[in-house]
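# Coordinates in review
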Amino acid sequence: MNTIIRKSVLSVAGLAFAGGVFAGPIAAHANPVDTKPVAVAVQTAKPQGDQSRINLNDEQTANVKAIIAATKKAGLPERAAVISIATSLQESKLENLGHLGDANDHDSLGLFQQRPTSGWGTPEQITDPAYSTAAFLKGLKQVDGWQDMPLTQAAQTVQVSAYPDAYAQWEQQATDLVAQHWNS
């Protein structure tokens, strides 16, 4: 029985490969219908768990655009912007937070709640959206395979949060925001 299943699977795989080999050259010569850039799906899988969503004000939308601009400047793909925006949604709801007094988590500041005492930069630097995003992306680039791992795992590896699974709830909204603003 296993031999029959294995041969069937190999036959289907062979047909799929052959179809791709022959269709590839044909498709390469097809006339494009629309050459305008379009937003692509940057989500690698269905978002994990229940999804949260908030309405954004003008400041939060400006911070989304700043994160996207910093991601483009770093030469990274849309997936990096999705991870960055989801992280910022979790950490600060996309608000560039200053010191919150007793409500503050240690000395955490800015969009990503980065800490000067942990080496993220000075308070002035980490409350600058371009700088804080670049710092986050620098950490992300050091994570082997971040492009293919679940968003929450990539974000947690950079952020080292006490709530490692919390980032996942923002993946759909972050994906939607990148799709909406990447080409604008």
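Everything that follows concerns the structure shown earlier in this document.
In short, a report on the structure. (Residues numbered from 1 in each chain as written. Predicted model: local features only at pLDDT ≥ 70, side-chain atom pairs only at ≥ 80, totals over all residues. Heavy atoms only, no water.)

What follows is about the environment of F136. Note on placement: F136 falls in helix 5 (residues 129-141). For F136, a relative accessible area of 0% gives the class buried. For the pair F136 and Q114, spaced 22 residues apart in sequence, the C-alpha to C-alpha distance is 8.7 Å. Apart from the residues within four sequence positions on either side, F136 is in contact with I83, S84, T87, F112, Q114, W120, V158 and Q159. (Helix = DSSP H or I, 4+ residues; strand = E, 2+ residues; numbered from the N terminus. Buried < 20%, exposed > 50% of the residue type's maximum accessible area, 1.4 Å probe, protein only. Contact = heavy atoms within 4.5 Å.)

Take the packing of aromatic side chains next. Tallied over the entire structure, the rule returns 1 aromatic pair. Aromatic side chains F112 and F136 sit 4.9 Å apart centroid to centroid with 10° between the ring planes, which places their arrangement in the stacked category. Of this pair, F112 sits in the loop between helix 3 (78-92) and helix 4 (123-126) while F136 sits in helix 5, placing them 24 residues apart in sequence. (Phe/Tyr/Trp six-rings, centres within 6.5 Å; stacked < 30°, edge-to-face > 60°.)

Moving on to the nonpolar core. Residues I83, I85, L94, F136, L140 and W146 are the most contacted members of the largest nonpolar core, which totals 34 residues. Elements with a contribution of two residues or more to this core: helix 2 (58-73), helix 3, helix 5, helix 6 (151-159) and helix 7 (171-181). A total of 7 residues in this core trace back to one element, the largest contributor, which is helix 3. Those residues in contact with L94 that sit more than four places away from it in its chain are L56, Q60, N63, V64, I67, I85, S88, L89, L111 and L177. (Core = buried A, V, L, I, M, F, W, Y, C linked by side-chain atoms within 4.5 Å.)

Any functional reading would require information beyond the geometric quantities listed.
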